[in-house]
Amino acid sequence: MTTPGDPNQPEPGREPQQPHQQPPVPQQPPPGEYGGPGQPEDYGQPPPYPQQTPYAYGQPYGAPPEPKRGGGLATTALVLGILSPFLLFACLFGVITAIVGLIIGIIALTRKTHLGRAWAGIILSVLTLIAAVALVAWSYASFSDCMGLPTQAETQRCIEAKLGIDGAVSPQ
């Protein structure tokens with residue numbers, strides 16, 4: 001007995017389908033025509049793309065590169081190297097910042113990261129130290145005879161005279 005809507009029963013007016021029945025094969029074009037038996041079977045299929053090469057340092061394609069470590073040391077050396085000449089002539093504190101910048105720059109060089117910043121910091125720090133030595137040598141050569149005077153007032157007048165600075169303006 002059949003029930004209406006049974007999926008195993010064919011609909012009225014249709015033939016029942018056989019399980020595992022292959023659909024009919026379409027008529028093939030004659031040999032030598034486009035897509036015919038005379039052509040390669042995979043004609044029209046694009047060739048496979050070549051394998052993508054990974055980025056440097058073993059990163060897969062599309063992955064962001066790893067950030068370099070130690071950039072803070074090189075940047076610190078550069079900043080100290082830039083500030084040192086200004087601090088040298090402002091308050092002679094530039095000698096300390098130049099020495100610290102030189103040490104930090106050398107550490108950054110040994111870690112081999114951000115070499116340009118590290119070298120720039122080292123060069124600026126060394127130039128500041130050279131300027132400090134030149135400033136001390138010039139000061140000693142120019143004012144050594146003023147340092148042996150008995151009072152601070154006489155020493156100050158001697159230094160002002162060597163620099164070409166007139167004394168205090170007298171009121172009139």
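Residues numbered from 1 in each chain as written. Predicted model: local features only at pLDDT ≥ 70, side-chain atom pairs only at ≥ 80, totals over all residues. Heavy atoms only, no water.

Concerning the side chain of T155
Structurally, T155 is set in helix α4 (residues 152–163). Discounting residues that sit within four places of it in the chain, T155 has contacts with C146, M147 and L149. (Helix = DSSP H or I, 4+ residues; strand = E, 2+ residues; numbered from the N terminus. Contact = heavy atoms within 4.5 Å.)

Quick word on α4
The end-to-end C-alpha separation of α4 is 16 Å, in line with the 16 Å expected for 12 residues at 1.5 Å each. Looking one or two residues beyond α4, the residue adopting positive phi is G164, at roughly 80°. (Expected span 1.5 Å × (residues − 1).)

Considering the state of the cysteines
Tallied over the entire structure, the rule returns one disulfide. What pairs with C146 in a disulfide is C158, and their sulfur atoms sit 1.8 Å apart. When the S-S torsion is -60°, as for the bridge of C146 with C158, the disulfide is left-handed. Here the residue C146 occupies a position in the loop between α3 (115–143) and α4, and C158 occupies one in helix α4, the gap between them amounting to 12 residues. Owing to a relative accessible area of 0%, C146 belongs among the buried residues under this scheme. (Disulfide = S-S within 2.5 Å. Buried < 20%, exposed > 50% of the residue type's maximum accessible area, 1.4 Å probe, protein only.)

Some points on the nonpolar core
Grouped together as the largest cluster of nonpolar side chains are five residues: A74, A108, L109, A118 and I122. Where this core is concerned, the elements lending two or more residues are α2 (94–110) and α3. Those residues in contact with I122 that sit more than four places away from it in its chain are L102, G105, I106 and L109. (Core = buried A, V, L, I, M, F, W, Y, C linked by side-chain atoms within 4.5 Å.)

Side note on unusual backbone geometry
Located in the positive-phi region is L92, a residue other than glycine, with phi close to 60°. Structurally, the position occupied by L92 is in the loop between α1 (71–91) and α2.

What about the packing of α1 against α3?
Relative orientation of the contacting elements α1 and α3 amounts to 25°, with a least axis distance of 7 Å. On the basis of the axis angle, α1 is roughly parallel to α3. For the pair α1 and α3, the crossing hand works out as left-handed. Contact with α1, carried on its side by G71, A74, T75, A77, L78, G81, I82, S84, P85, L88 and F89, involves R117, A118, A120, G121, L124, S125, T128, A131, A132 and L135 of α3 and no other residues of that element. Taken together, the residues of the contact of α1 with α3 sort by class into 13 nonpolar, seven polar and one charged. (Axes fitted to C-alpha atoms, helices over the stretch in contact; angles between N-to-C directions. Parallel < 35°, antiparallel > 145°, perpendicular 65-115°, else oblique. Left-handed = near helix turned anticlockwise from the far one by under 90°. Nonpolar A, V, L, I, M, F, W, Y, C, P; charged D, E, K, R; others polar.)

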